[in-house]
Structures are given as structure tokens and as C-alpha cells.
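If you want the building blocks of each chain, they are given just below.
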Amino acid sequence: QVHLVESGGGLVQAGGSLRLSCAASGGSFSSYAMGWFRQAPGKEREFVASITWSGDSTTYADSVKGRFTISRDNGRNTVYLQMNSLKFDDTAVYYCAAAQGGYVSLYPVWKEFDYWGQGTQVTVSS
């Protein structure tokens, strides 16, 4: 079983920054595509960002383009989400996910991912 553990969430003022981390264990991290999703209160889970197994390609939701950056360190079995210029609407539980095939759709849906973390809360004050 692959285990994913997110960290780095918290409370931040609008305009501030946070970096989320997701540590993977129990599998071949370097073979997985990785993604970040989020779910705000009263809303559906939505795609945020993804990265291919090698890190050579990234994709972002329109709502976070230019503000968020996904990256990975295969030596540390960790994927990151750097979040800058945070807005109130970024408030959500953020989940990391892994896809065994190493690639996902350009704008993936949650069903494309095989493993999920428990989530970490990000709260942006307005």
C-alpha cells in the first residue's frame, strides 16, 4: 500500500505564501505522477496541479496559474506545492495524490489517481 502524508498547511493572510509537502512511502515514488487537489467547504473536490513522474511537465488549474508551483524531489519521495499570493478562495483542504502510471490527463480528475493522502487544511484570512 502506498501512503501519502501532507504537511505544511495552516493559517495565512491574503497575499501570503505557504509550501505544502507530501511525503510518499510504500511504493515507487519516482514512477508516479503526482497531483494536488483541494476541497473547499460546500464545494466539490477540484484539481489544483499535477506533475509527471520525471517532473518534466506540470499542469495547473486556471485559478492558480501564476501563483502556485508544483515540484517534486524523487530522491526524497516528496512532492511540493508552493502557494504564493494566496486568496481567500484558496481556503480548502488540500490533498496530494499519486497515479501509478506516471502520467495523468492534462487536466486530470480525481479518479485518475490511485492513492490519496489525508489532506491538510489551508485557511486564508481576508
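Higher on the page you've got the structure.
A brief report on the enclosed structure follows. Just so it is clear, the model here is predicted, and its values are computed rather than measured.

Quick notes on unusual backbone geometry
Item 1. Positive phi is not limited to glycine here, since Asn77 has a value of about 55 degrees.
Item 2. Following the sequence through the fold, Asn77 ends up in the loop between strand E7 (68-73) and strand E8 (78-83).
Item 3. Residue class for Asn77 comes out partly exposed when judged on its relative accessible area of 27%.
Item 4. We note that Ser85 has phi near 50 degrees; this positive angle belongs to a residue other than glycine.
Item 5. As for its position among the elements, Ser85 is in the loop between E8 and strand E9 (92-99).
Item 6. What makes Ser85 partly exposed here is its relative accessible area of 41%.

Observations concerning the side chain of Asp90
Item 1. Its place among the elements puts Asp90 in the loop between E8 and E9.
Item 2. The class for Asp90 is buried, based on a relative accessible area of 1%.
Item 3. Engagement of the side chain of Asp90 in a polar contact is seen with the backbone nitrogen of Lys87, the distance being 2.7 Å.

Description of the environment of Gly26
Item 1. Residue position: Gly26 is located in the loop between strand E3 (18-25) and strand E4 (33-39).
Item 2. Distance from Gly26 to Phe37, taken between C-alpha atoms, is 21 Å for residues 11 residues apart in sequence.
Item 3. Those residues in contact with Gly26 that sit more than four places away from it in its chain are Gln1 and Val2.

Remarks on the packing of aromatic side chains
Item 1. The tally for this structure, following the rule as stated, stands at 5 aromatic pairs.
Item 2. Relative to Tyr115, the ring of Tyr32 lies with its centre 6.3 Å away and its plane at 40 degrees, an arrangement referred to as tilted. On the criterion of sequence distance, the pair formed by Tyr32 in the loop between E3 and E4 and Tyr115 in strand E10 (residues 115-116) is long-range, its members being 83 residues apart. An identical accessibility class is assigned to Tyr32 and Tyr115; each is buried.

Here is what the cut-offs are and how they apply
Residues numbered from 1 in each chain as written. Predicted model: local features only at pLDDT ≥ 70, side-chain atom pairs only at ≥ 80, totals over all residues. Heavy atoms only, no water. Helix = DSSP H or I, 4+ residues; strand = E, 2+ residues; numbered from the N terminus. Buried < 20%, exposed > 50% of the residue type's maximum accessible area, 1.4 Å probe, protein only. Polar contact = N/O pair within 3.5 Å; in protein donor to acceptor, adjacent residues only side chain to side chain. Contact = heavy atoms within 4.5 Å. Phe/Tyr/Trp six-rings, centres within 6.5 Å; stacked < 30°, edge-to-face > 60°.

From the geometry alone we can't say anything about function, so treat these as descriptive.
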